[in-house]
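# An overview of the molecular structure
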Amino acid sequence: MAQDVTVSGTVTASDDGGTIPGVSILVTGTSRGTTTDLDGRYTIEVPQDAELAFSFVGYATEIVQVAGRSVIDVNMQLDISELSEVVVIGYGTQKKSLVTGANLQVDGEELQNQSRTNPLEALQGKTSGVQITSTSGQPGSGLNVVIRGLGSTGGSNPLYVVDGVLTSDISYLNSADIESISVLKDAASAAIYGSQASNGVVLVTTKSGRKNTSKVTFDSYYGVQSVPSRIDMLNSREYAVIMNEAAVNNGRQRLFSNSEIENLSTDTDWMGYMFEDNVATQNYSLGFSGGGDNSTYSSSFSYTQQGGIVGGEDLSNYERYNARINSTNDMYNGFLTFGENLSFAYIKSNGVRVGDQFNNSLRPAFGASPLLPFADENGDYYNTTGDSEPWLNGYSNPYAEMQLNNQNENNTQKLLGNVYAELNLLHNLKFRTSLGLDYYASEGHSYEPIYELSIYSFRQYDRVYQSQSKGYTMLWDNLLTYDFSIKADHQFQAMAGTSAYNYQGTNISGNNVNLIFNSLKYAWLSNATNSNGAQMNINGGPEYTNKRMSYFGRLNYNYKEKYLINTTFRADGSSNFSKSNRWGYFPSISGGWVISDEDFLPKSPLLNFLKLRASWGQVGNQNAGAFQYLAPITFANTNYNFGDEEGVLTPGAYPSRLANSDLKWEVSEQTNIGIDARLLSNTLSVNLDVYQKINKDWIILAPVLATAGADAPFINGGDVTNKGIELALNYNNNIGDLEYSVGINGAYNQNKVGNVPTADGIIHGEINQLYDNSPEFYRAESGFPLGYFWGLETDGIFQNQAEINAYSSDGELIQPTASPGDVKFVDQNGDGVINSSDKVNIGNPNPDFTFGLNLNLNYKGFDLLLTANGVAGNQIVQSYRNQASQFANHTSEVLGRWTGEGTSNTIPRVTLDNRNYTNFSDLYVENGDFLRINNLTIGYDLTKAAKNLQIEKLRVYASGLNLYTFTNYSGMDPEIGYGISSNNYSFSSGVDLGYYPRPRTFLVGLNVIF
């Protein structure tokens, strides 16, 4: 056996010559090892023929033979792959060290480790300045993505580009198919996409093969879901007490005697019926990749399923089948490369209603009385039609409503991808042409049975709905790129391109009554027997065609990779605008200075890399509908009488909307200053950005008089400014065999509307949204945050009559009808009257702060992942109860109401007329701050324990998703992406009408690589 020798030495860095503390030194093939001290020195006893491995984050691993030596000094080389990391940018790639815009890139493996159905969910907490919120917790529901603050009244979602093809959504993708996701946050980075980039750009690159390799992967997980937190509603006894009190406070007799309260036999827990526990979610993905000398391939097949916690899988379910194939082929010694990137998804789904107060299946459960029986003596859903009690009459079983009114099946097929060819014409001169396609076809049908649950909830005819739609986007891109240098130090990258875009589609739908078979399985129009035209409806036609032609270019220059300049320009022409305003022009310029390469900055292990960035650019938003600049002609209800003969009608037509040929693009202009740094021997990376984003020339409805004779035209006007700062810190290091990384990111954003060109400087929100006949409660107004909550401010509760009498102006009571226990509203203008003139900003749905945390640990095959995200500084409007209903149930919060002097100064007394809640006030508004533990995963790679396994990776893991949320919000979920939208505007958010909560999930999984 070889004798041990004592080996010592010093480890230094090649870039600056400084010593490196914490370097891991292991005898290969064993667990024997040590680390360098603070001065970079080490000592270790090893066999004289041993082999030592020196490793440290940011540096290439050095393998050294001992060969009997006692002193071994090692000079570690920087990991060139890290310094030269290539990131995806618009229409190309670029070395990360040369990027001058505010970009960030997330590796696909990080997304896959999150075990999410939607890849966007996996981005939460990983991207500073990017707020991702669920519009609903229902499987398959969309996500709101806001990059650097809300900037338009027409919506916030960014442009998505998958393998170079423009699309509106990436929820159809399986995370196992994604190589990386890049987010272009500033205008200089996004301007190459011009008219579609005002809300930012998300670039998705799917996986590709590698030459002269072969690999098979299998990934799966299975889990169960449940609701994390349920709302506590009043039970029957509490309900009877509250209703008695409300009646007395309205001057009426008690509704229940003490004896009746004690002997109540019905106590229905409606929330218990609405939610399901242990609902399954699962995913299976099989992938093949590799290549030869001249070709590569990557293909996969996957299946994903997620059931819903409201109503269970029968009512709320999402299934997705994915297939993907990417390949490249080199011909003629690399002169020609051709290939394709194709992804197909088949999605089956059914769901409950998750919309406004009239289309929300969960909402009625908040108002249903616990005294309403679930079923009658025959086991059928209880029918209140014959009941005279006011807490039953007119009310219906919310679970039955959900079951009877949500029988539907839908499916969508989506094919997205491109085929391309690339010619290497000369050295570093390339021409690439690609034809992209985004094709979809959707169909669905639903069944509404005959039923009767109350005098207001019934259906006399069973009805079938059936619909189909399909369409496609065709994209033809041509790019010419040339990379060249002058005297080696001056390096240029030039690109010029064109893009032709064409969208078209069709749709058809119909409904009819009187089906032969009364079930969803047979709910097709062909099974409806009715021939009465009044009971049927058929619609169909083409979608509005949208065509664009674009010309763009980019020129990048750097001197010794120290001084950097990037410029882009794009011209877009769109069919959505008149000829006089059809073209929009979008320039950008950005620069960088790698200060750490300057001679005046001494090399030091403290500061390894420092780059200063600055950028300016303009991007557009062409969210105008087709032909909005024209005056459409309508033929509906346009019969006229001519002559002296009565009853003879002549059909006619008229312009239904005023024209505006001056309508043009919305524009977003952004300035950004940033710093990228690596410190502490490349273990700590810092990214800091300060920005100002101005979105202007909104496309809004013009103010017109009612005498105009037609609807208002669309005009340009209004702007909003978002100012903010973003910071991302990432620390990577190791302690012996323990490798760890910690990432913290946060962003501050301030949102403020500028000039709105209406008479009152306001774009008004919708009414009748929070409860029946509710007033406007959100708006866009000059000088305020976009979509702020507009209502009355309260100043506590009147404790006695003396306080009511003291609240006066010029000797007149300000609230003359108030009684002790009622809310005290603030008279903002001092006119002695509480009315709409006293309404002010009482809440902002846009958070001041967004933040995320990411922790990764790896130790001898074990791994641990923890991710968290949150927001602060935003408010939520919560309206669970229909205030037009006297006998609707309450949440248990009402138990803390005012019942006498000094009992409460926040929750008013209860009344049957709900007088304290019929005005929108800050009683509806709560803080929406939260910090959520998104993912906790523990895994182990079994190949580390079984060396003889002919498998590259065999990892098993267990995860908890949405584990816990730290918040003071009283609702079920503080992450409220839902807002009120209309045909013309979509800028509302943070509205909880009975929000379908995100589930908590526990799952186990497997990752295998052959």
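Remember, it's a predicted structure, so these values are computed and weren't measured experimentally. (Residues numbered from 1 in each chain as written. Predicted model: local features only at pLDDT ≥ 70, side-chain atom pairs only at ≥ 80, totals over all residues. Heavy atoms only, no water.)

## Description of unusual backbone geometry
- One non-glycine residue, Glu 561, lies in positive phi territory at about 55°.
- Of note, Glu 561 is situated in the loop between β29 (546-559) and β30 (563-574).
- The class of Glu 561 is partly exposed, set by a relative accessible area of 27%.
- Positive phi, normally seen in glycine, also occurs at Asn 768, with a value near 60°.
- You can call Asn 768 partly exposed: its relative accessible area is 26%. (Helix = DSSP H or I, 4+ residues; strand = E, 2+ residues; numbered from the N terminus. Buried < 20%, exposed > 50% of the residue type's maximum accessible area, 1.4 Å probe, protein only.)

## Quick look at helix α8 (residues 398-405)
- Among the eight residues in α8, seven count as buried, and that is most of the element.
- For α8, the full list of buried residues reads Pro 398, Tyr 399, Ala 400, Glu 401, Met 402, Leu 404 and Asn 405.
- Buried residues in α8 make contact with α6 (270-274), α7 (364-367), β22 (407-426), β23 (429-448), β24 (451-452) and β25 (458-459).
- At the N-terminal end of α8, a side-chain oxygen is found 2.9 Å from the backbone nitrogen of Tyr 399, two or three residues along, and the residue is Asn 397. (Contact = heavy atoms within 4.5 Å. Polar contact = N/O pair within 3.5 Å; in protein donor to acceptor, adjacent residues only side chain to side chain.)

## Here's the deal with the sheet that holds strand β7 (residues 74-76)
- One open sheet accounts for three strands, arranged β4-β1-β7; its pairing is mixed. Of all the strands in the sheet, the pair left with one neighbour each is β4 (41-47) and β7. Between one strand axis and the next, the sheet turns by 35° as a mean value, whatever way the strands run.
- Pairing between strand β1 (residues 4-13) and β7: three bridges, direction parallel. (Pairing = 2+ DSSP bridges. Axes fitted to C-alpha atoms, helices over the stretch in contact; angles between N-to-C directions.)

## Let's talk about the pairing of strand β11 (residues 130-134)
- Taken across its five residues, β11 has five buried, putting it largely inside the fold.
- Burial along β11 is two-sided: Val 130, Ile 132 and Ser 134 and Gln 131 and Thr 133, pointing in opposite directions, are all buried.
- Here five bridges tie β11 to strand β12 (residues 143-147), and the two strands are oriented antiparallel to one another. Looking at the pairing, Ile 132 lines up with Val 145 of β12.

## So, empty space enclosed by the protein
- Per the counting criterion, the structure on display carries eight cavities of 30 Å³ or more.
- Here the largest cavity is characterised by a volume of approximately 310 Å³.
- Those elements that provide at least two residues to the lining of the largest cavity are β17 (213-226), β20 (317-331), β56 (953-967) and β58 (1000-1009).
- Residue composition of the lining of the largest cavity, grouped by class: seven nonpolar, 15 polar and four charged.
- Counted as a void, the second largest cavity has a volume near 160 Å³.
- Around the second largest cavity, the lining comprises 17 residues; the ones closest to its centre are Ile 89, Gln 94, Ala 188, Ser 189 and Asn 566.
- Counting only elements with at least two residues in the lining of the second largest cavity, the list comes to α3 (187-190), β29, β30 and β31 (583-594).
- Looking at side-chain class alone, the lining of the second largest cavity contains five nonpolar, 11 polar and one charged residues. (1 Å grid on protein atoms, 1.4 Å probe; cavity = no way out; pocket = protein on both sides within 12 Å on 5 of 7 lines; lining within 4 Å. Points joined across faces, edges and corners; volume = space filled by probe spheres on them. Nonpolar A, V, L, I, M, F, W, Y, C, P; charged D, E, K, R; others polar.)

## Remarks on a nonpolar patch on the surface
- Residues Tyr 563, Trp 593, Phe 600, Leu 612, Ile 673, Ile 675, Val 690, Ile 725, Tyr 748 and Phe 849 make up a contiguous nonpolar surface patch of roughly 850 Å² in combined accessible area.
- Here Tyr 748 is to be found in strand β42 (residues 738-753).
- A relative accessible area of 31% means that Tyr 748 is categorised as partly exposed. (Patch = residues over 30% accessible without salt bridge, like charges linked within 9 Å, V, L, I, M, F, W, Y side chains within 5 Å. Areas by Shrake-Rupley, 256 points an atom, 1.4 Å probe, with all protein chains shown as cover. Salt bridge = Lys/Arg side-chain N within 4 Å of Asp/Glu carboxyl O.)

## Examining the pairing of β31
- Burial along β31 is one-sided: the residues Gly 584, Phe 586, Ser 588, Ser 590, Gly 592 and Val 594 are buried and none of Trp 583, Tyr 585, Pro 587, Ile 589, Gly 591 and Trp 593 is.
- The sheet contact formed by β30 and β31 spans 11 bridges and is antiparallel. Across the sheet, the residue bridging to Gly 573 is Trp 583, located in β31.
- Bridge count between β31 and strand β32 (residues 607-621): seven bridges; the pairing is antiparallel. Looking at β32, one finds that Val 594 is bridged to Lys 611.

## Here we look at the UniProt feature "domain: TonB-dependent receptor plug" (unreviewed entry) in the protein chain
- The UniProt entry lists residues 100-201 under the feature "domain: TonB-dependent receptor plug" (unreviewed entry), expressed in the numbering used here.
- Secondary structure content for residues 100-201 is 9% helix and 29% strand, while the C-alpha to C-alpha distance between its ends is 16 Å. (UniProt positions renumbered as here; feature names shortened; annotations may be inferred.)

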